[in-house]
Each structure stands twice: as structure tokens, then as C-alpha cells.
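# Topology and contacts: notes
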Amino acid sequence: QVQLVESGGGLVQAGGSLRLSCAASGSIVSIFVMGWYRQAPGKQRESVATVTSGGSTNYADSVKDRFTISRDNAKNTVYLQMNSLKPEDTAVYYCAAKRGDWGPYAFWGQGTQVTVSS
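Residues numbered from 1 in each chain as written. Predicted model: local features only at pLDDT ≥ 70, side-chain atom pairs only at ≥ 80, totals over all residues. Heavy atoms only, no water.

## Overview of the state of the cysteines
Scanning the model with the defined rule gives 1 disulfide in all. The side chain of C22 participates in a disulfide bridge whose partner is C95; the two sulfur atoms lie 2.0 Å from each other. Looking down the S-S bond of the C22 and C95 bridge, the torsion is -80°, so its handedness is left-handed. With C22 in strand β3 (residues 18–24) and C95 in strand β9 (residues 91–98), the pair connects residues that are 73 residues apart, well separated along the chain. The class of C22 is buried, set by a relative accessible area of 0%. A relative accessible area of 0% places C95 in the buried class. (Disulfide = S-S within 2.5 Å. Helix = DSSP H or I, 4+ residues; strand = E, 2+ residues; numbered from the N terminus. Buried < 20%, exposed > 50% of the residue type's maximum accessible area, 1.4 Å probe, protein only.)

Set out below in C-alpha cells:
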């Protein structure tokens with residue numbers, strides 16, 4: 001079955017940058033819809049960014065112009081470049097995958113912690 005493993009989280013100061021990676025166990029990045037979600041303590045998990053197999057991207061309003069989602073099909077890896085980080089970006093970030101453009105994500109990683117200090 002599909003397995004997703006996130007990495008790249010850590011502690012940064014406000015205004016700093018981090019690059020998250022999501023490595024897939026199967027060759028799915030090129031054909032699946034890939035997304036990043038995040039969940040802060042006491043809050044619901046929310047969508048951050050998505051990229052389709054065709055390369056179309058979508059972002060939450062709160063991260064537009066600061067975050068960039070991309071994929072490397074050869075490495076079967078999806079990335080989330082996070083710039084100009086804010087304390088409110090602090091959360092566990094999860095990688096997710098699904099077969100179609102619509103419907104729920106079927107596969108999830110274990111998450112990686114991102115902490116932004118002021």
C-alpha cells in the first residue's frame with residue numbers, strides 16, 4: 001500500500017524558511033493529487049496546499065504568496081517550501097495523496113512538527 005513519510009520540520013524564528021519533503025513508497029506522485037495539511041493544538045486539520053497530476057496548484061488564503069508546493073516525479077517526492085513563516089504557522093504538517101481531483105484524501109503520512117517562534 002501507499003506510504004508517505006514527511007521530513008524537514010523544525011524550529012525557526014518568525015520570518016524564516018523551511019522546506020518540507022514527502023517521500024512516497026510507490027510511484028504515485030506523478031499520477032496522484034498530492035496535498036499538505038496542518039493541524040495546530042486544539043484546532044481542526046486544515047488544507048494548506050495541493051498539486052494535481054497535471055501541475056495545477058491551490059493554496060489556503062493564509063499561506064498564499066508565502067508557501068509553494070512542488071513535486072519531483074523522478075524522486076517520487078512532493079515538497080512544501082515555506083517562506084516568511086509566522087507563529088500562527090506552528091502546527092504538525094501532514095502529507096496526503098488521492099487518486100482524483102475531488103473527494104477525500106486516502107493516504108496520509110505521520111506528520112512533521114513545524115514551530116515558529118516570535
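## Concerning the nonpolar core
Grouped together as the largest cluster of nonpolar side chains are 31 residues, with contacts concentrated most on L4, M34, W36, L80, M82 and Y93. Where this core is concerned, the elements lending two or more residues are β3, β4 (33–39), β5 (46–51), β7 (67–72), β8 (77–82), β9 and β11 (112–117). Every residue in contact with M34, bar those within four places of it in the chain, is listed here: L4, I28, V29, A49, T50, V51, I69, V78, C95, A96, A97 and Y105. Within the second largest apolar cluster, 5 residues are counted, among which are V33, Y37, Y94 and Y105. (Core = buried A, V, L, I, M, F, W, Y, C linked by side-chain atoms within 4.5 Å. Contact = heavy atoms within 4.5 Å.)

## Quick notes on the pattern of salt bridges
This structure, assessed with the given rule, holds 4 salt bridges. With a shortest N-O distance of 2.8 Å, E46 and R38 are connected by a salt bridge. Under the relative-accessibility criterion, E46 is labelled partly exposed at 31%. By relative accessible area, R38 is classed as buried at 6%. It is possible to trace a salt-bridge network through shared partners that takes in R38, E46, R66 and D89. (Salt bridge = Lys/Arg side-chain N within 4 Å of Asp/Glu carboxyl O.)

## Comments concerning the environment of V12
Relative to the elements of secondary structure, V12 occurs in strand β2 (residues 10–13). Assessed through its relative accessible area of 13%, V12 is described here as buried. Taking C-alpha positions, V12 is 6.4 Å from T115, a pair spaced 103 residues apart along the chain.

## A word on the sheet that holds β3
Strand order in the open sheet formed by 4 strands is β1-β3-β8-β7, and the pairing between neighbours is antiparallel. Where the open sheet ends on each side, the last strands, each with one partner, are β1 (4–7) and β7. Across the sheet, the mean angle separating the axes of adjacent strands is 15° when strand polarity is ignored. Here β1 runs beside β3; their pairing, made up of 4 bridges, is antiparallel. (Pairing = 2+ DSSP bridges. Axes fitted to C-alpha atoms, helices over the stretch in contact; angles between N-to-C directions.)

Geometric descriptors of this kind do not, in isolation, establish any biological role.
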